[in-house]
Amino acid sequence: MTPKSHKWKELPSDITAAHRALVTAMREVRECSPRTQAKIAGDAHQAATTLSNHLNGGRIPEEALLQGFYEVIEKDAAGGEPLPHTLAALLELRIHAQKKHCECCSVGYPPDHDDEAERPASGTVRMSPVRRRALRLGRQTRRRKLSLPQTQMRVPVPRAEGDRHPSEAAELTWTETGVVARYLADGRNRDADLLLWRAGTSYSADDILKAVTSCRAAGLQNAAEAILISAAERTDKRAVMNITAAFNHAGRHDDVGILLAAAIRASG
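Definitions and limits used
Residues numbered from 1 in each chain as written. Predicted model: local features only at pLDDT ≥ 70, side-chain atom pairs only at ≥ 80, totals over all residues. Heavy atoms only, no water. Salt bridge = Lys/Arg side-chain N within 4 Å of Asp/Glu carboxyl O. Buried < 20%, exposed > 50% of the residue type's maximum accessible area, 1.4 Å probe, protein only. Helix = DSSP H or I, 4+ residues; strand = E, 2+ residues; numbered from the N terminus. Expected span 1.5 Å × (residues − 1). Contact = heavy atoms within 4.5 Å. Polar contact = N/O pair within 3.5 Å; in protein donor to acceptor, adjacent residues only side chain to side chain. Core = buried A, V, L, I, M, F, W, Y, C linked by side-chain atoms within 4.5 Å. Axes fitted to C-alpha atoms, helices over the stretch in contact; angles between N-to-C directions. Parallel < 35°, antiparallel > 145°, perpendicular 65-115°, else oblique.

Caption draft 1: The arrangement of the pattern of salt bridges in detail. If you walk through the whole model with that rule in mind, you get six salt bridges. Notably, a salt bridge pairs Arg-216 with Glu-225, separated by 3.4 Å at the nearest N-O pair. The class of Arg-216 is buried, set by a relative accessible area of 18%. A salt bridge links Asp-255 to Arg-252; the shortest N-O distance between them is 2.9 Å. Each member of the pair, Asp-255 as well as Arg-252, carries the same accessibility label: buried. Here the salt bridges do not stand alone but share partners, grouping Arg-216, Glu-225, Arg-252 and Asp-255 into one network.

The following block contains the structure:
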């Protein structure tokens, strides 16, 4: 496909060469779609301002958003010439763009007001509002108590395949489970929340069941409940009913309770 002519903003002078290479490649991919950026962003389940920020060098996209963006363009370009870059190439560029030269460097993640508000004064990682609400609802609706620390989250990264029991390994079927665990362990709460929100608001009922099951098997209880809350807050109430029915059919009655409590609160 012949790339569309697009007038791009000049990239910030202070971004690294690796970040510049990633943005340039993303722009070349984006030009392969004739649609507006807002429509591309909508199909990729992200805000138009978020995509614009990524394409103008304001922020390095997290992996799930970059993949979603690429898949939408790939569908738009289906039947034409191959895209100028593969998804694997973009993900590799992203890895290089994320590398920091020193601890004081904020490569790809310039501070903004929201970031400052979420950054703790000490080394303790604060629990996000989404996961705090998930914990509260979970305690209210589950028949048994979960022993979860409220002042600090220590999220276990899923053990290696060989270290898990076969039945436990079989449950880690959501490919983003490890990504969420790493984000939380590194204190990247906003990136984790975005992945969890996207799962809850855009996945099918079966895929949400799979994601929640996978998070619980990995010990990511708050993450599982954040997905449930995002799913319960969907505006499409029929979709919420289908999700609830899927969990009920699977015998996941505690999760059904969390879904119903969150749905009632959202409609109140």
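Having seen the structure, we can now continue with the description.
Caption draft 2: Main features of helix α13 (residues 237–249). Between the first and last C-alpha of α13 there are 18 Å, a value that for 13 residues agrees with the 18 Å anticipated at 1.5 Å per step. Buried residues in α13 make contact with α11 (205–217), α12 (221–232) and α14 (253–267). Two or three places before Arg-238, at the start of α13, stands the capping residue Asp-236, its side-chain oxygen 3.2 Å from that residue's backbone nitrogen.

Caption draft 3: Broad picture of the nonpolar core. Ranked by size, the top nonpolar core spans 36 residues in total, and within it Trp-174, Val-180, Ile-227 and Phe-247 carry the most contacts. Elements with a contribution of two residues or more to this core: α9 (177–185), α10 (189–202), α11, α12, α13 and α14. No other element matches the eight residues that α12 contributes to this core. Ignoring sequence-local partners within four residues, the contact set of Ile-227 consists of Trp-174, Leu-196, Ala-199, Gly-200, Ile-208, Ala-211, Val-212 and Cys-215.

Caption draft 4: Just the packing of helix α1 (residues 17–30) against helix α4 (residues 63–76), in detail. The geometry of α1 relative to α4 is characterised by a closest axis approach of 10 Å and an angle of 30° between their N-to-C directions. One way to sum up the angle between α1 and α4 is to call them roughly parallel. Contacts between α1 and α4 involve Met-26, Val-29 and Arg-30 from the former and Leu-66, Phe-69, Tyr-70 and Ile-73 from the latter.

Worth remembering: the numbers are spatial, not functional.
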